[in-house]
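# Tertiary structure, described
Take a look at the letters that make up each chain.
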Amino acid sequence: MTASALILTGSNTTNFLRYKDGNLTVRGDVAATTFSTTKFSVNAEGQITASAGTIGGFEITSTELKSGSKIVLDASQSKLVIGGDDNTSEIVLIPIKEI
């Protein structure tokens, strides 16, 4: 099926799947083993994978979860940065490899 906009609903219009303008909206229960879009998926166990967006005010990128520059969890560099209020002081946690 190919469409630029699509809405699927049953007799109860409070539950539906809608795709419009690049956004997928789900209202109600979805019975599927995997539910996904280009940058987001959730499986039947509830595991969520996202490479873009926000969660709780934190921005999701392909390698970071961050709140501006004050709090950054960087998976690509294995570090956590917590910045000070003046944006000049910060705490950086980097794992030390065994020698």
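Before reading further, recall that the structure is shown in the block above.
This write-up is about the structure you can find in this document. Note that the structure is a prediction, hence the values are computed from the model and not measured. (Residues numbered from 1 in each chain as written. Predicted model: local features only at pLDDT ≥ 70, side-chain atom pairs only at ≥ 80, totals over all residues. Heavy atoms only, no water.)

Below, the discussion takes up the overall build of the chain. Tallying secondary structure elements over the chain gives zero helices and 12 strands in all. Taken from the N to the C terminus, the helices and strands of the chain come in the order β-β-β-β-β-β-β-β-β-β-β-β. In the chain, which comprises 99 residues, the proportion classed as buried is 8%. Contacts spanning at least 24 positions in sequence make up 0% of the contacts within the chain whose residues lie at least 6 apart. Of the accessible surface of the chain, which amounts to about 8100 Å², a share of 54% is contributed by carbon and sulfur atoms. (Helix = DSSP H or I, 4+ residues; strand = E, 2+ residues; numbered from the N terminus. Buried < 20%, exposed > 50% of the residue type's maximum accessible area, 1.4 Å probe, protein only. Contact = heavy atoms within 4.5 Å. Areas by Shrake-Rupley, 256 points an atom, 1.4 Å probe, with all protein chains shown as cover.)

Next up on the list: the sheet that holds strand 10 (residues 71-74). The strand order across the open sheet built from six strands is 7-8-9-10-11-12, with neighbouring strands paired in antiparallel fashion. At either margin of the open sheet sits one strand with a lone partner, and together these are strand 7 (53-55) and strand 12 (90-93). In this sheet, adjacent strand axes meet at a mean angle of 15 degrees when their direction is disregarded. (Pairing = 2+ DSSP bridges. Axes fitted to C-alpha atoms, helices over the stretch in contact; angles between N-to-C directions.)

Scanning the entire structure with this criterion turns up one salt bridge. Taking the shortest distance from any N to any O, the salt bridge between Lys66 and Glu64 comes out at 3.4 Å. (Salt bridge = Lys/Arg side-chain N within 4 Å of Asp/Glu carboxyl O.)

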